[in-house]
Amino acid sequence: MKKAHIVILMLLVLTFKEAAAQQAIDHSSAESDSSSILHAFKNGRIHGHFRYFFMATQNRGSLQDYYANAIGGGIKYETALFHGFQFGVGGFFIYNIGSSNLSVPDPTTGSMNRYELGLFDIENPGNKNDIDRLEELYLKYKIGESTIVFGKQLPDMPFINMQDGRMRPTEVEGAVTTINDIKNTTITAAWLYKISPRSTVEWYSVGESIGVYPQGISPDGKPSSYRGQLESKGVGVLGIKRKISERFTAEVWNQYVDNIFNTSMIQFDVNHPIKSSTKLNAGLQLYRQDAIAHGGNEDPEKTYFKKGSKSFAYSLMTGLKSKKWDGSLNYTRITKSGRYLMPREWGKDPFYTFLPRERNEGTGDLDAVVIKLGYNFPKAHLRSTLGYGHYYLPDVRNAELNKYAIPSYRQVNATVKYDFQKLFEGMDVQFIYVGKILAGEDYGNDKYVINKVALSHFNLIINYNF
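Residues numbered from 1 in each chain as written. Predicted model: local features only at pLDDT ≥ 70, side-chain atom pairs only at ≥ 80, totals over all residues. Heavy atoms only, no water.

## With respect to empty space enclosed by the protein
Applying the stated criterion to the full structure yields four cavities of 30 Å³ or more. Taken together, the elements giving at least two residues each to the lining of the largest cavity come down to β3 (85–96) and β4 (131–143). Per element, the largest residue contribution to the lining of the largest cavity is four residues, and it comes from β4. In the lining of the largest cavity, the residues fall into seven nonpolar, three polar and five charged. As a volume, the second largest cavity reaches approximately 60 Å³. Lining the second largest cavity are Ile 210, Gly 211, Tyr 213, Pro 214, Tyr 226, Tyr 304, Pro 343, Arg 344, Glu 345, Glu 361, Lys 403 and Tyr 404. (1 Å grid on protein atoms, 1.4 Å probe; cavity = no way out; pocket = protein on both sides within 12 Å on 5 of 7 lines; lining within 4 Å. Points joined across faces, edges and corners; volume = space filled by probe spheres on them. Helix = DSSP H or I, 4+ residues; strand = E, 2+ residues; numbered from the N terminus. Nonpolar A, V, L, I, M, F, W, Y, C, P; charged D, E, K, R; others polar.)

## Some remarks on the layout of surface pockets
If you add up the space inside the second largest pocket, you get close to 590 Å³. Every residue lining the second largest pocket is counted, 31 residues in all, and those nearest its centre are Pro 219, Phe 305, Lys 306, Ser 309 and Arg 339. Along the lines of polarity and charge, the residues of the lining of the second largest pocket split into nine nonpolar, 10 polar and 12 charged.

## Overview of the confidence of the model for the protein
Looking at the protein as a whole, its pLDDT mean stands at 93, while 93% of the residues score no less than 70. Overall, residues 23–32 carries pLDDT values under 50, and its contacts beyond four positions in sequence, including any with other chains, amount to eight contacts. (pLDDT = per-residue confidence, 0-100. Contact = heavy atoms within 4.5 Å.)

## Points about the pairing of strand β13 (residues 310–321)
One ladder, built from 12 bridges, connects strand β12 (residues 278–291) with β13; its direction is antiparallel. Paired with Leu 284 across the strands is Leu 316, a residue of β13. Here β13 runs beside strand β14 (residues 325–334); their pairing, made up of nine bridges, is antiparallel. What sits directly across from Ala 313, in β14, is Ile 334. What sits between β13 and β14 in their antiparallel hairpin is a turn of three residues. (Pairing = 2+ DSSP bridges.)

## A short note on unusual backbone geometry
Within the chain, Ala 293 stands out as a residue other than glycine whose phi angle is a positive 55°. Tracing the backbone through its elements, the reader meets Ala 293 in the loop between β12 and β13. Positioned with a positive phi, Asp 365 is a non-glycine residue whose angle comes to about 55°. Among the structural elements, Asp 365 can be located in the loop between β14 and β15 (366–377).

## Considering a nonpolar patch on the surface
Taken together, the side chains of Val 252, Ile 266, Phe 268, Leu 286, Tyr 314 and Leu 316 make up a nonpolar region of the molecular surface, amounting to roughly 450 Å² of accessible area. Residue assignment for the nonpolar patch shows that the elements contributing at least two residues are β11 (261–275) and β13. Along the chain, the position of Val 252 falls in strand β10 (residues 248–257). Residue Val 252 is classed as partly exposed on the basis of its relative accessible area, which comes to 43%. (Patch = residues over 30% accessible without salt bridge, like charges linked within 9 Å, V, L, I, M, F, W, Y side chains within 5 Å. Areas by Shrake-Rupley, 256 points an atom, 1.4 Å probe, with all protein chains shown as cover. Salt bridge = Lys/Arg side-chain N within 4 Å of Asp/Glu carboxyl O. Buried < 20%, exposed > 50% of the residue type's maximum accessible area, 1.4 Å probe, protein only.)

## Some details on the pattern of salt bridges
Opposite charge on two side chains permits them to pair, given that their charged atoms come into close proximity. Enumeration according to the criterion identifies 18 salt bridges in this entry. The partner of Glu 136 in a salt bridge is Lys 76, and the shortest N-O contact between them spans 3.3 Å. Residue Glu 136 is located in strand β4, and its partner Lys 76 is located in strand β2 (residues 66–78); the two are separated by 60 residues in the primary sequence. Close ionic contact of Lys 152 with Glu 173 constitutes a salt bridge, the shortest N to O distance being 3.1 Å. With Lys 152 in strand β5 (residues 146–153) and Glu 173 in strand β6 (residues 171–179), this pair connects stretches of sequence that are 21 residues apart. Of the two residues, Lys 152 and Glu 173, neither departs from the other in class, the shared state being buried. Counted as one network, the salt bridges with shared partners bring together Arg 45, Glu 78 and Lys 140.

## Focus: the packing of aromatic side chains
According to the stated counting rule, one finds 18 aromatic pairs in the structure shown. On the numbers, 5.1 Å between centres and 85° between planes, the contact of Tyr 226 with Tyr 304 is edge-to-face. Taken together, the residues span a long stretch of sequence, with Tyr 226 in the loop between α4 (206–209) and β9 (235–243) and Tyr 304 in the loop between β12 and β13 at a distance of 78 residues. On the basis of relative accessibility, which here comes to 4%, the residue Tyr 226 falls in the buried class. Between Phe 261 and Phe 305 the ring centres are 5.2 Å apart and the planes differ by 10°, which places this aromatic pair in the stacked class. Of this pair, Phe 261 sits in strand β11 while Phe 305 sits in the loop between β12 and β13; the two residues are 44 residues apart in sequence, bridging distant segments of the chain. An aromatic cluster is present here, built from Phe 159, Tyr 287, Tyr 340 and Phe 351 joined pairwise through their rings. (Phe/Tyr/Trp six-rings, centres within 6.5 Å; stacked < 30°, edge-to-face > 60°.)

Pasting the structure below:
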């Protein structure tokens, strides 16, 4: 039924656009009136996107392996400016065209699939054909170089972002203001009250959205049970990014989650030319988190952020970058003061040490060291990247500092992306390999291993944008 609603909505928009174009032919006065609503619809822009995604995971020994094939497409329409206003609407459909049975748990551990199901609907593992979502529906106002966007939209903030590593990204609903009219400064202010996480088709209130993904274990070692138990009016975000000089940039972000927790981040980035085409880069991130009230629920067994708890973290980066290649050495430390928590439904980690397909959210007393390398082949329209990291986590039985019971591990990422030209312009193909090597104690229990470590993970992604 939802799919029919989206199709009808998109057809109405396109039909109106076509009717506007025809009416403009019949009434030449409308053609010349660039301030009319008719002109705004007629001169709007349509963007289409087709995506194919193959994903497979090979687990250790007799543990269950998985694969999935997904294909989908979507369309977005945005009007031209009308007295500074624009209207946008977009939706996307996904089909499962051949995959493992993702609704059946691993027979040895009872664990469910982790990666492949994310291509579809994690709330309904058996759903193969009715996977669709109205993703964007907004009104935008532009004044100078600044914008205010109200409605359903794509997020781009450190802690709430698209995390576009599956078929479709995370979406948010609310008001986002971006001010770009102050020289060398960008200010972002947002109030969000609904979120549609990646790999879902529903829209949730802020409190409801926390716990849609697996909840891990509580600090006392019991399974977390905060899903559907958290109360929050919304998320307030304020970010200021300023280019202090040609070589130095600073940014400050604060994210206030009503009734649950507050997170602050300061980031400094420096670049220093050492040759005509090569720069030395360095960065520093500082994080602090604090519980608000009871952390979401007065019952300690149903809360998300334990009352009175806090966490501290910092991340460092240094590297070199030229026109063709770049490389960096990165380090992150989450202290013993508490778990760094950020709903996985909302976005990926902003740490310099982040490598796709795993996160360090939910841990404390963590050390991560990562090397990243990238090389461009401009004439071949090819980009390759390599990442290698050591992630030292608390013991899997340390529930207080290891929410998801992940052992220490080493991770290798290799990516190759090719952009097509000429006849197939607008198409790109990307291959991602992820290897995760067990580096901690698993106590002979495969539940600490499956879909976490000791695995190989493969991705083949084809996009066509028009």
